[in-house]
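Structural overview for review
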Amino acid sequence: MEKSIVLREGYAHLRKTRTAFIGGLLILLVILIGIAVTLGSAEFTVAESYIAILAGLFPGTFIAPEMADIIVWDYRLHRVLFAVVAGFGLAVAGTVMQGILRNPLASPFTLGISSAAATGASIAIVLGAGFVDGEYLIIANAFLFSLLASVAIYGMARYRGVSSETMILAGIALMYLFSAVTSLLQYIGTAEELQAVVFWMFGSVGKSTWPRLGLVTLVLACTIPYLIYRAWDLNALAEGDEVAAGLGVPVERSMMVFMVVASLITAVIVCFTGTIGFIGLVAPHITRMAIGGDHRTLIPASGLVGAALLLAADSIGRSILAPQILPVGIVTAFLGVPFFIYLFMHRRDA
Amino acid sequence: MALLSVEDLSFAYRNHPVLSGVSFDVDAGEIVGLVGPNGCGKTTLIKCVDGMLRPMEGRVMLAGQDLGKMHRREVAREMAYVPQSAGNQTASTVFETVLMGRRPYLNWTVSPEDEERVITALDLLGLEGLAFRKVAELSGGERQRVMIARALVQETGVVLLDEPTSNLDIRHQMAVMEVLSRLAEERDLAVVIALHDLNLAATYCHRLMVLAGGSIYGYGAPEEVLTQEMLGNVYGIEAVVKQDLPAPYVVPVRPGQLQEEG
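Residues numbered from 1 in each chain as written. Chains lettered and ligands numbered in written order. Predicted model: local features only at pLDDT ≥ 70, side-chain atom pairs only at ≥ 80, totals over all residues.

This next bit is on the interface of chain B and chain A. Taken together, the 32 residues of chain B in the interface contact 27 residues of chain A. Those elements giving two or more residues to the side of chain B that touches chain A turn out to be α2 (72–78), β6 (79–82), α3 (94–99) and α4 (112–124) of chain B. (Contact = placed C-beta atoms within 7 Å. Helix = DSSP H or I, 4+ residues; strand = E, 2+ residues; numbered from the N terminus.)

In structure tokens, the structure reads:
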């Protein structure tokens, strides 16, 4: 009887730790947002930037310092929030892919979805060809190609039998194929086109606008609650196809649905940002090391870790060589890789 | 009526037939050992019985219901499956891994009753001390017990196990079989267990099913099934079967060829 009380308390403790982790991350994120908004050529304090944010939300109640209002709302806040939302989405997509494929290397980048987006963008830049005209050419191409990649993975997996191996191999094959196409386009492109392609591939949140932020937020708001709702199925799939089937999960159908949802999230983000490779890989790992593998908490926590990482990386990219802005994709790799290796080498269960 | 009843089951991978015309019954409280040489179709049979593979012919009746017409979640409430590979390298704790066995019943939250069942299963398998360790850190034997505990909290009438003892030392093999025997008796479970070790099977199983080339060679009490003739025909070995012990005991002498010499 005493033993059972100890076990109950142990599980309750586990859950409390997770709630605390998520709470802590939320607070950290709010602080980071405040700091990130102050960064830039016009200087004001963190307090002033919060007041400016609140003044926009509740006009009349708060009065922002002159100019801060405009700078915050028109120039900075959507970029900062875009970094938050993009980091959140990429991390969730990575979590889901690692979960269903049971492979620590699975991420939107390693499965060829980001490379496909880059190829779509390159075709638009170099050949000027695409599905729609005008300013949305590059974005639409990137979006459609990343969906094309996931359809191709789906098709190959369908033909060969859905399993984590077939999906990973199909994804890696596609990644190389799309990289080769992008290289070819860079080879035949002019110097300016080459520069544009390379710059697109660095990955940046500099192209954010309020409507784009709204669109990405809408997609996340529709998909992530569904993923959290099906967290038990993700937990079961992470244990293996056979285990999941034995626990009553319709394995093939679920894997396909999860793959499509994760691809959609990735596509809607990378078409605006270019390839930001690292967040989708590391954020789930960091979170899993910290709070374990229950997707009920892993998904939101990992999203928050991704959001904090991407926002921090973008803030550093904006300030380290100011007024030069480093693309966030470069910063995430420079900061994230050593951090990740450190965590990996020092974790206890390695 | 038998709890689990397999009727004339046949299965093929593409054009390669693996099982043909397999029929058998398993009663509640009974442990059936599934034995046979490598590649005889043991794992395929277990997967067909669980409904993971769709048989080409025949059907599986589970407590009077046709498994092919049941929803996966319903099947998971009637029949648990412990696969051959013992666990993945996930970051989950033992407690949570066992809790996953409640998935066929869970909505989203975990109720105190679910926790209670997990605790009971951990206690039965002597895992309380490991409850908050990560499964990836455990030894093969401990991990195997976690998988069995998970199958138990599914609270099914039928439990299928695919070589649960293959990575274990002799003491842990016996410990696992002891637990299964006790549970079969106490909870009236029907247990089907694929085993390589004939002597272990003879000691703990009520009936043995010998699978050879995709069909049943023999199905009955260990002393009826484990014969010199069977070992020669099915395994291609010369062996002596000692019948004067509590359970028949197979002593292998030498492999192959002897048949021709008479």
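Having seen the model, we can carry on.
Residues and elements named next belong to chain A. Within the secondary structure, I269 is located in helix α11 (residues 251–273). Residues I269 and I188 lie 81 residues apart in sequence; the distance between their C-alpha atoms is 28 Å. Beyond its immediate stretch of four places on either side in the chain, I269 contacts A86, G89, L90 and V216.

This next bit is on the sheet that holds strand β5 (residues 65–66) of chain B. Residue and element names in this part refer to chain B. Read across the sheet, four strands follow the order β2-β1-β4-β5 without closing on themselves; strand pairing throughout is antiparallel. Edge positions in the open sheet fall to β2 (16–26) and β5, since each of these has one partner strand only. In terms of strand pairing, strand β4 (residues 57–62) meets β5 through two bridges, oriented antiparallel. Of the residues in β5, the one forming a bridge with M61 is D66. Against the sheet, helix α1 (residues 42–50) engages β1 (4–13), β2 and β4, with an angle of about 60° to β2. (Pairing = 2+ DSSP bridges. Axes fitted to C-alpha atoms, helices over the stretch in contact; angles between N-to-C directions.)

All right, on to unusual backbone geometry then. All names here are of chain B. The backbone of D8 sits at a positive phi, close to 50°, despite the residue not being glycine. Within the secondary structure layout, D8 lies in strand β1. Classification of D8 as exposed rests on a count of 12 C-beta atoms within 10 Å. In this structure, R14 is a non-glycine residue whose phi angle is positive, near 50°. (Buried ≥ 20, exposed ≤ 12 C-beta atoms within 10 Å, placed from the backbone.)

Residue and element names in this part refer to chain B. Entries for chain B in the domain assignment read domain 1 (4–226) and domain 2 (229–262). Each of domain 1 and domain 2 has a C-alpha centre, and the two are 28 Å apart. Taken residue by residue, the interface counts 14 residues in domain 1 and nine residues in domain 2. At the level of secondary structure, the elements contributing two or more residues to the side of domain 1 that touches domain 2 comprise α7 (198–204), β9 (207–212), β10 (215–220) and α8 (222–225). Ranked by the residues each element gives to the side of domain 1 that touches domain 2, the list is headed by α7, at four residues. Grouping the constituent residues of the side of domain 1 that touches domain 2 by class yields nine nonpolar, four polar and one charged. (Domains from an automatic or database assignment. Nonpolar A, V, L, I, M, F, W, Y, C, P; charged D, E, K, R; others polar.)

This brings us to the packing of helix α4 (residues 113–127) of chain A against helix α5 (residues 137–160) of chain A. All names here are of chain A. One can describe the packing of α4 onto α5 by two numbers: an axis separation of 7 Å at closest approach and a directional angle of 145°. Here α4 and α5 pass one another in a crossing that is right-handed. On α5, the residues that touch I113, A116, A117, T119, G120, A121, I123, A124 and I125 of α4 are L137, I138, N141, A142, L144, F145, S146, L148, A149 and S150. Its residues assigned to classes, the contact of α4 with α5 shows 14 nonpolar, five polar and no charged. (Left-handed = near helix turned anticlockwise from the far one by under 90°.)

All names here are of chain B. Two elements, β9 and β10, share five bridges in a ladder whose sense is antiparallel. Opposite L211, over in β10, you have I216 as the bridge partner. Where β9 folds back on β10, the antiparallel hairpin that results is connected by two residues, among which G213 adopts a positive phi of roughly 55°.

Looking now at helix α9 (residues 228–235) of chain B. Residue and element names in this part refer to chain B. Where α9 is concerned, the buried positions are M230, L231 and Y235. The buried residues of α9 occupy one face: seen down the axis, they fall within an arc of 100°. The secondary structure elements touched by the buried residues of α9 are β9, β10, α8, β11 (237–242) and β12 (249–255). (Arc of directions from axis to C-beta.)

Before going further, it helps to spend a moment on the confidence of the model for chain B. Residue and element names in this part refer to chain B. Within chain B, residue pLDDT values average 88, and 95% of them lie at 70 or more. Contacts from residues 258–262, a stretch scored under 50 in pLDDT, to residues over four places away or in other chains number two contacts. On the interface metric, ipTM, the complex scores 0.86, and its pTM is 0.88. (pLDDT = per-residue confidence, 0-100.)

With that settled, the discussion passes to the pairing of strand β7 (residues 158–162) of chain B. Residues and elements named next belong to chain B. Counted residue by residue, β7 has five buried out of five residues, so it is predominantly covered. In β7, alternate side chains face the same way, and those of V158, L160 and D162 on one face and V159 and L161 on the other are all buried. Pairing geometry for β7 and strand β8 (residues 190–194), over five bridges, is parallel. Its bridge partner being in β8, L161 is matched across the sheet by I193. Chirality of the crossover, the property in question, places the unit of β7, helix α6 (residues 170–186) and β8 among those that are right-handed. (Right-handed = clockwise from strand over helix to strand, strands pointing away.)

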